[in-house]
Amino acid sequence: MSEFSKFIRNNSCMIISILSLFVIILSLQNAGFIPENYTNINTNNSEPTIVLFKADWCGHCKKLIPTWNNFKNDYDNKDNISIITIDTDDNQELVKKHNVNGFPTIKFCPNGVSSTENTITYDGDRNLPGLIEFFEQCQGKIENLTEELAEHNEESEEEDLSGYNTESFYNY
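In this text, all values refer to a predicted model and were calculated from it rather than measured experimentally. Within each chain, residue numbers correspond to sequence positions counted from 1 in written order. Two thresholds apply to this predicted model, a pLDDT of at least 70 for residue-level local features and 80 or more for giving and counting side-chain atom pairs, whereas whole-chain, interface and lining totals are computed over all residues. Here the side-chain values reflect all heavy atoms present in the structure, with hydrogen atoms and water set aside.

A short note on the overall build of the chain
Okay, so step 1: Looking only at helices and strands, the chain features six helices and four strands.
Okay, so step 2: What you see in the chain, going N to C, is helices and strands ordered as α-α-β-α-β-α-β-β-α-α.
Okay, so step 3: Summary of the burial criterion: residues with accessible area below 20% of their type's maximum are buried, those above 50% are exposed, and those between are partly exposed, where the area comes from a 1.4 Å probe applied to protein chains only. With 172 residues in all, the chain has 26% of them scored as buried.
Okay, so step 4: Note on contacts: a residue pair qualifies if any of its non-hydrogen atoms lie within 4.5 Å across the two residues. Taking all contacts inside the chain whose residues are at least 6 apart in sequence as the whole, residues at least 24 apart take part in 64%.
Okay, so step 5: As displayed, the chain has an accessible area near 12200 Å², and 50% of this comes from carbon and sulfur atoms. Segments assigned H or I by DSSP are reported as helices when at least four residues long, segments assigned E as strands when at least two residues long, and all are numbered from the N terminus. Methods summary: accessible areas were calculated by the Shrake-Rupley approach with a probe of 1.4 Å, and residue burial reflects only the protein chains presented.

Overview of the sheet that holds strand β4 (residues 120-122)
Okay, so step 1: The criterion for strand pairing is that DSSP finds at least two bridges linking the strands in question. Here we have four strands laid out as an open sheet, ordered β2-β1-β3-β4, and mixed in their pairing. In this open sheet, the two strands that pair with only one neighbour each are β2 (82-87) and β4. The sheet shows a mean angle of 25 degrees between the axes of neighbouring strands, taken without regard to direction.
Okay, so step 2: The sheet contact formed by strand β3 (residues 105-109) and β4 spans three bridges and is antiparallel. Each axis is a line fitted through C-alpha atoms, taken for helices only over the stretch in contact, and angles between the N-to-C directions span 0 to 180 degrees.

A look at a nonpolar patch on the surface
Okay, so step 1: Taken together, Phe4, Phe7 and Ile8 make up a surface patch of nonpolar side chains, about 310 Å² in accessible area.
Okay, so step 2: We classify phenylalanine 7 as partly exposed; its relative accessible area is 43%. Only residues whose relative accessible area exceeds 30% and that form no salt bridge are eligible for patches; like-charged ones are grouped when within 9 Å, while nonpolar side chains (Val, Leu, Ile, Met, Phe, Trp, Tyr) are grouped when within 5 Å. Basic side-chain nitrogens of Lys or Arg form a salt bridge, by our definition, when they fall within 4 Å of a carboxyl oxygen of Asp or Glu.

Observations concerning the pairing of strand β1 (residues 49-54)
Okay, so step 1: In terms of burial, β1 is largely enclosed, as six of its six residues are buried.
Okay, so step 2: In the sheet, β1 pairs with β2 via six bridges, with the strands oriented parallel. Bridge pairing in β2 links lysine 54 to aspartate 87.
Okay, so step 3: Regarding the hand of the β-α-β motif, the stretch spanning β1, helix α3 (residues 59-75) and β2 is right-handed.
Okay, so step 4: Of the pairings in the sheet, the one linking β1 to β3 comprises five bridges and is antiparallel in character. The residue bridging leucine 52 from the neighbouring strand is isoleucine 106, located in β3. The definition of a right-handed crossover adopted here requires that, viewed with the strands pointing away, the path from the first strand over the helix to the second runs clockwise.

Take it as geometry only, folks, not as evidence of what the structure does.
In structure tokens form, the structure reads like this:
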């Protein structure tokens, strides 16, 4: 008897179990219980994010993915900017929220992907130098927003509160 036959005979239960598990996972995936391209996307974060909205059937998306992955590997979480990919088939709510009408669509969401406030849509070249330039523009946008927030806070602290009478709070 050959070594392969001995292996099969000695491990038949384990082989059948693994194959059964594989069939169950594929069945759940086809039924929609497990997304094919599962990624852990935290849509409730509020950190600055550059997002690629892609569709699996889109030829332009397929062409962009290797470049996007290189960009993501080099720049994800650099200067506190997350870079994520959203499969539009699995995230229709976000696609509608961000008014994505074509693919691939790249957006900068300074308040996180769950917010559309101050969002910038990228319309430059779909190559690594273009994506890096967009990243640098996003860094500048964050710095400007941070400066505006600091100025606003300074103005708020300088407001004249002399017309307010705190006695009324204590006189019942």
